[in-house]
2 protein chains.
Amino acid sequence: MGFGGIRTARVLAGKGLDVILADRNNYHLFQPLLYQVATAGLEQESIAHSVRAMARNWSGTRFQLTEVNGVDFVSREVLTDTGCIPYDYLVIGAGSVTNFFGLESVERNSFDLKELADAETLRNHILTAFERAVLEPDPARKRALMTFVIVGGGPTGVEFAGALIELVHFVLAKDYPELSTHAARVVLVEATDKLLASMPAKQRTYTLKKLRSMSVEVLLNARVVDAGPERVTLHDGAIIPAHTLFWSAGVKAAPIAAVIDVPHRAGGRIPVESDLTIPGHPEVFVIGDMAYLEQEGSALPMTAPVAMQMGIYVGKAILAKERNSSTPPFRYCDKGSMATIGKNAAVASAFGMDFRGYMAWLVWLLLHLYYLIGFRNRIVVMLNWVWYYWFHERQVRLITRRDGK
Amino acid sequence: MGFGGIRTARVLAGKGLDVILADRNNYHLFQPLLYQVATAGLEQESIAHSVRAMARNWSGTRFQLTEVNGVDFVSREVLTDTGCIPYDYLVIGAGSVTNFFGLESVERNSFDLKELADAETLRNHILTAFERAVLEPDPARKRALMTFVIVGGGPTGVEFAGALIELVHFVLAKDYPELSTHAARVVLVEATDKLLASMPAKQRTYTLKKLRSMSVEVLLNARVVDAGPERVTLHDGAIIPAHTLFWSAGVKAAPIAAVIDVPHRAGGRIPVESDLTIPGHPEVFVIGDMAYLEQEGSALPMTAPVAMQMGIYVGKAILAKERNSSTPPFRYCDKGSMATIGKNAAVASAFGMDFRGYMAWLVWLLLHLYYLIGFRNRIVVMLNWVWYYWFHERQVRLITRRDGK
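Residues numbered from 1 in each chain as written. Chains lettered and ligands numbered in written order. Predicted model: local features only at pLDDT ≥ 70, side-chain atom pairs only at ≥ 80, totals over all residues. Heavy atoms only, no water.

### A short note on the pairing of strand E11 (residues 185–189) of chain A
Residue and element names in this part refer to chain A.
1) Next: Counting buried positions along E11 yields five of five residues, so the element is predominantly enclosed.
2) Next: Here E11 shows a buried face lined by Arg185, Val187 and Val189 and a second buried face lined by Val186 and Leu188.
3) Next: Strand direction decides the pairing type here: strand E10 (residues 147–151) and E11, joined by five bridges, are parallel. Residue pairing across strands places Phe148 opposite Val186, the latter belonging to E11.
4) Next: As a crossover connection, the stretch from E10 through helix H7 (residues 155–175) into E11 is right-handed.
5) Next: Summarising the sheet, E11 and strand E12 (residues 217–219) pair through three bridges and their orientation is parallel. Paired with Val187 across the strands is Glu217, a residue of E12.
6) Next: Crossover connection from E11 via helix H8 (residues 201–213) to parallel E12: handedness right-handed. (Buried < 20%, exposed > 50% of the residue type's maximum accessible area, 1.4 Å probe, protein only. Helix = DSSP H or I, 4+ residues; strand = E, 2+ residues; numbered from the N terminus. Pairing = 2+ DSSP bridges. Right-handed = clockwise from strand over helix to strand, strands pointing away.)

Written as structure tokens, this is what we have:
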């Protein structure tokens, strides 16, 4: 269950309706912290929370672990691996998947962060690269094993780059005395001329300076066009010998969007009416990353806050329909955006104000703890952060599987 | 690294020797708590601790992530996937693997708990079984999905049975209101006429009564002879329809024991001299589960305390050899044994005294926290225990992969 769906469910609970939550995972995943699992800062369990643990307290709500394959909009049924689920109202919020824009060699040779398993796989890959670097006699290959190329200068790319270089300098430098970890490279490749494009100019400048001061190599106006297991090729033909390529340069609507027979927008998103229904089907809602809706001339971003507000809106809209009353159109209230770069360093723009550095970092930290679901999860995450802050230790540097690409 | 090896390393650290730790995992695994990971009580990361995090503080010690394939005892080299490692002294403590005693159908259709991944796989399997039971229309199949057969009445079998029935009755009963979870069955099958055979009679009686009062079905003098994906067959032909079979009825020395060319003892264990070396090779030590040594007429058990004491002994023995002094023969000091059955219920025999119930449970809890490596791990584990104790909640009921058998 994503950010949108669980909020719809919460609004609908205890209102005398029969609510079925269908998902292929039995947990809600707090995606914004996946990068910290990938950089050995958090255990994967601390950013996931059982849907049944929530649904217990939501009367009238049932959970079904299943893979949704399609929807019959005429007979009003959801088609799943475990049979059909009839519906009166349908809320689709299956989120997004990584968009490689047709670059097959990149897709084959890169890592992304959308699912819980992705984070564990990437952590194992990063740590295994250092283990292999220890034993590698050839200096060029040793360097390549310690070179990490990150594509995409949005929040995920920036946060991952910062967390990774800190992992190397603060933690792995002590773990691997036999390696010159200062020779490790973290290269952030961004196609436009700016990082965190949606942020004000001052925030972007701070981010760029801060990352460079942490010795992240930021390449602006650069694109990755090809990749192999040990190299990344840029648009100008330059080759970076690198054992790890991380792709966060784009997302597109989850494949299930294909079942909705309307002309899709960029990234496969579904254009929705102002009440988040699809044309001709006032009983079908699309929310979150899958929904395409313009507000003041531009499309709403594919972010958790949008999904959460849409989820709450749809819950209320369904209740209104049941009462035969009407709902005003959906309006996204932008409370701001933020990204953390490193220890004591973040950017946050909220309530018309810009925060940078320590203050922004603190705001980021508190808001993430607040939105994380599960009280025990909050404690474990906070514990990990305190540990890192005081001792420069990330405890979860375990290689738990060896299924890396 | 196991219980023995890390203790040898700790003794040898900072003594001017060059110590190489070779392991295929980069962590020390606290195996005695694997069953709590499998029953959704602990996150896997909290019972594992990075070897490099420890080796950092052990001067002269290096870690190598590798698969050991053999040993050349003549040229004194360890043969690994990543090349040869020459040695002056060699300490082999590769532990044990599950012994299915040639029962191929059982091996194919059962779960065991030796590695970290086993625990996650088993947890996913148990939780998925309940999800499938929700959707299963046939009552017999529904019951089989909620039936768990555990083979082996040693500490692992007893602890797993208790933790599993509590998971079902205290936690899953609330998660799955659509299921009659009181119909779930946990069947413990033991080949002899007693549980926890190494314990005094009073402790065994308490354990049996306690488990039965928790509605674990304990079958004594019973053996599993065959198994399929949905059934378990006993020695008398009785068939238990069960979706999950857990095997803890035996262990044998790790496969690497085969490289040592001496007649092995039962379970493939290597007979060692009184100083834990192998005959003819005073520079090669075998410790832990792999070592076969009799004391007062019976073989030392394959347990963590034996491995720990052997590990410390070998560290001291190597230092003595370097000083050309001699070491008295190894003697295992039996500090007792214990097993936890459920909340407030355990048995512990130590220092000539027998504890049962709450006191034993408290002793068990404190000793496990003490032996767990990593301060942060202790806090996270304690947090989980407190949570369970107060709220009857096990937070890690996530289905993280779907690779179950």
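Having put the structure on the table, let's press on.
### Regarding the relation of the copies chain B and chain A
1) Next: Note on the copies: chain B fits chain A at an RMSD of 0.0 Å, the axial shift is 0.0 Å, and the rotation between them is 180 degrees. Here the copies are linked by what is in effect a two-fold axis. Closest approach to the rotation axis among the C-alpha atoms of chain B is made by Val380(B), whose C-alpha sits 3.4 Å away.
2) Next: An overlap of 100% is found between the interface residues of chain B and their copies at the interface of chain A, pointing to a shared contact surface. (Least-squares fit on C-alpha atoms with pLDDT ≥ 70 in both. Contact = heavy atoms within 4.5 Å.)

### Focus on the sheet that holds strand E20 (residues 281–286) of chain A
Residues and elements named next belong to chain A.
1) Next: Spatially, three strands are ordered E8-E20-E19 in an open sheet, and the strand pairing comes out mixed. The open sheet is flanked by strand E8 (90–92) and strand E19 (277–278), the only strands paired with a single partner.
2) Next: Two strands pair when backbone bridges link them, and E8 and E20 are joined in this way by three bridges, in the parallel orientation. If you follow Leu90 over to E20, its bridge partner there is Val284.
3) Next: This element, helix H9 (residues 304–322), spans E8, E19 and E20 of the sheet and lies at about 165 degrees to E20. (Axes fitted to C-alpha atoms, helices over the stretch in contact; angles between N-to-C directions.)

### Quick word on the packing of aromatic side chains
All names here are of chain B.
1) Next: Under the defined criterion, the tally for this structure stands at 26 aromatic pairs over all chains.
2) Next: Seen from their ring centres, Trp364 and Trp385 are 5.5 Å apart, and the 40 degrees between their planes marks the pair as tilted. Within this pair, whereas Trp364 is found in helix H10 (residues 358–371), its partner Trp385 is found in helix H11 (residues 375–391), the two being separated by 21 residues in sequence.
3) Next: Classification of Trp364 as buried rests on a relative accessible area of 2%. (Phe/Tyr/Trp six-rings, centres within 6.5 Å; stacked < 30°, edge-to-face > 60°.)

### Here's the deal with the domain arrangement of chain A
Residues and elements named next belong to chain A.
1) Next: Domain annotation of chain A identifies domain 1 (3–24 + 66–98 + 251–322) and domain 2 (104–249).
2) Next: Between domain 1 and domain 2, the C-alpha centre-to-centre distance is 34 Å.
3) Next: Listed by partner, the interface residues are six residues for domain 1 and four residues for domain 2.
4) Next: In total, about 340 Å² of surface goes out of reach between domain 1 and domain 2, with carbon and sulfur atoms giving 46% of it.
5) Next: Contact with domain 2 buries area across many residues of domain 1, yet Ser96, Thr98 and Val251 alone supply 82% of it, more than any other trio.
6) Next: Where domain 1 meets domain 2, there are one salt bridge.
7) Next: Arg24 is the salt-bridge partner of Glu115, the closest N and O atoms lying 3.6 Å from each other.
8) Next: Looking at which element gives the most residues to the side of domain 1 that touches domain 2, the answer is strand E9 (residues 96–98), with three residues.
9) Next: The residue makeup of the side of domain 1 that touches domain 2, split by class, is two nonpolar, two polar and two charged. (Domains from an automatic or database assignment. Buried area = accessible area lost by both parts, 1.4 Å probe. Salt bridge = Lys/Arg side-chain N within 4 Å of Asp/Glu carboxyl O. Nonpolar A, V, L, I, M, F, W, Y, C, P; charged D, E, K, R; others polar.)

### Notes on the interface of chain B and chain A
1) Next: The partner chain A presents 46 residues to the 46 residues of chain B that form the contact.
2) Next: Interface of chain B and chain A: buried area, both sides summed, is about 4,300 Å²; carbon and sulfur atoms make up 53% of it.
3) Next: Together, Arg52(B), Arg56(B) and Arg376(B) form the three largest contributors to the area buried by chain B at its contact with chain A, with a combined 19%.
4) Next: On inspection of chain B and its partner chain A, the count reaches ten salt bridges.
5) Next: With a closest N to O distance of 2.7 Å, Glu131(A) and Arg52(B) form a salt bridge.
6) Next: At the junction of chain B and chain A, the tally comes to 22 residue pairs in polar contact (both at pLDDT 80 or more).
7) Next: When residues of the side of chain B that touches chain A are traced back to their parent elements, those giving at least two are strand E3 (48–50), helix H3 (51–55), strand E4 (61–65), helix H5 (116–135), helix H7 (155–175) and H11 of chain B.
8) Next: A breakdown of the residues in the side of chain B that touches chain A according to their chemical character gives 18 nonpolar, ten polar and 18 charged. (Polar contact = N/O pair within 3.5 Å; in protein donor to acceptor, adjacent residues only side chain to side chain.)

### Notes on the nonpolar core
1) Next: If you look at the biggest cluster of nonpolar residues, it comprises 122 residues, and the most contacted ones within it are Leu276(A), Val286(A), Ile47(B), Phe130(B) and Phe160(B).
2) Next: A total of ten residues in this core trace back to one element, the largest contributor, which is H7(B). (Core = buried A, V, L, I, M, F, W, Y, C linked by side-chain atoms within 4.5 Å.)

### Thoughts on helix H10 (residues 358–371) of chain A
Residue and element names in this part refer to chain A.
1) Next: With 14 residues, H10 should reach 20 Å at 1.5 Å per residue; the first-to-last C-alpha distance of 20 Å fits that figure.
2) Next: Listed as buried for H10 are Ala360, Trp361, Trp364, Leu365, His368 and Leu369. Relative to the axis of H10, the buried residues are bounded by an arc of 165 degrees and lie together on one face. Turned more than 90 degrees away from the buried face of H10 sit Leu366 and Tyr370, all of them exposed.
3) Next: Contacts made by the buried residues of H10 are with helix H2 (34–38), H7, strand E24 (337–342), strand E25 (345–350), strand E26 (353–356) and helix H11 (375–391). (Expected span 1.5 Å × (residues − 1). Arc of directions from axis to C-beta.)

### Some words on the UniProt feature "transmembrane region" (unreviewed entry) in chain A
1) Next: On the UniProt side, "transmembrane region" (unreviewed entry) is annotated at positions that read residues 355–373 of chain A here.
2) Next: With 74% helix and 11% strand, residues 355–373 of chain A has its two end C-alpha atoms placed 25 Å apart. (UniProt positions renumbered as here; feature names shortened; annotations may be inferred.)

### Remarks on the environment of Val151(B)
Residue and element names in this part refer to chain B.
1) Next: Within the secondary structure, Val151 is located in strand E10 (residues 147–151).
2) Next: C-alpha separation for the pair Val151 and Ser110, spaced 41 residues apart in sequence, amounts to 9.8 Å.
3) Next: In contact with Val151, other than residues within four places in its own chain, are Val189, Val224, Leu245, Phe246, Trp247, Ser248 and Ala249.

### Focus on the pattern of salt bridges
Opposite charge on two side chains makes pairing possible when the charged atoms of those side chains draw close.
Residues and elements named next belong to chain B.
1) Next: Applying the stated criterion to the full structure yields 35 salt bridges over all chains.
2) Next: The partner of Arg24 in a salt bridge is Glu67, and the shortest N-O contact between them spans 3.6 Å. In this pair, Arg24 sits in the loop between strand E1 (19–23) and strand E2 (27–29) while Glu67 sits in the loop between E4 and strand E5 (68–72), placing the two residues 43 residues apart along the sequence.
3) Next: Residue classification places Arg24 among the partly exposed positions, given a relative accessible area of 39%.

### Concerning the UniProt feature "domain: FAD/NAD(P)-binding" (unreviewed entry) in chain A
1) Next: Here, UniProt's "domain: FAD/NAD(P)-binding" (unreviewed entry) annotation points to residues 2–311 of chain A.
2) Next: End C-alpha to end C-alpha, residues 2–311 of chain A measures 10 Å, and it is 31% helix and 27% strand.

### Here we look at H11(B)
1) Next: Taking 1.5 Å of rise per residue, the 17 residues of H11(B) would be expected to cover 24 Å, and the 24 Å separating its terminal C-alpha atoms lies within 8% of that figure.
2) Next: Of all the residues in H11(B), the buried ones are Arg376(B), Asn377(B), Val380(B), Val381(B), Leu383(B), Asn384(B), Trp385(B), Trp387(B) and Tyr388(B).
3) Next: The inward-facing, buried residues of H11(B) contact H11 of chain A together with helix H2 (34–38), E3, H7 and H10 of chain B.
4) Next: Remark: His392(B) follows H11(B) within two positions and exhibits a positive phi of approximately 50 degrees.

### Section: a nonpolar patch on the surface
All names here are of chain A.
1) Next: Where nonpolar side chains cluster on the molecular surface, the patch consists of Met382, Val386, Trp390 and Phe391 and spans about 440 Å² of accessible area.
2) Next: Tracing the sequence through the fold places Phe391 in helix H11.
3) Next: Taking relative accessible area as the criterion, Phe391 reaches 44% and is therefore assigned partly exposed. (Patch = residues over 30% accessible without salt bridge, like charges linked within 9 Å, V, L, I, M, F, W, Y side chains within 5 Å. Areas by Shrake-Rupley, 256 points an atom, 1.4 Å probe, with all protein chains shown as cover.)

### Examining the sheet that holds strand E26 (residues 353–356) of chain B
Residue and element names in this part refer to chain B.
1) Next: Taken in spatial order, the three strands line up as E24-E25-E26 in an open sheet, and their pairing is antiparallel. Pairing within the sheet leaves two strands with one partner each, and these edge strands are strand E24 (337–342) and E26. Neighbouring strand axes in the sheet, compared pairwise and without regard to direction, differ in orientation by 5 degrees on average.
2) Next: Of the pairings in the sheet, the one linking E24 to strand E25 (residues 345–350) comprises five bridges and is antiparallel in character. Its bridge partner lying in E25, Thr340 is registered against Ala346.
3) Next: Sheet strands in contact with helix H8 (residues 201–213) are E24, E25 and E26, and its direction is about 170 degrees off that of E25.

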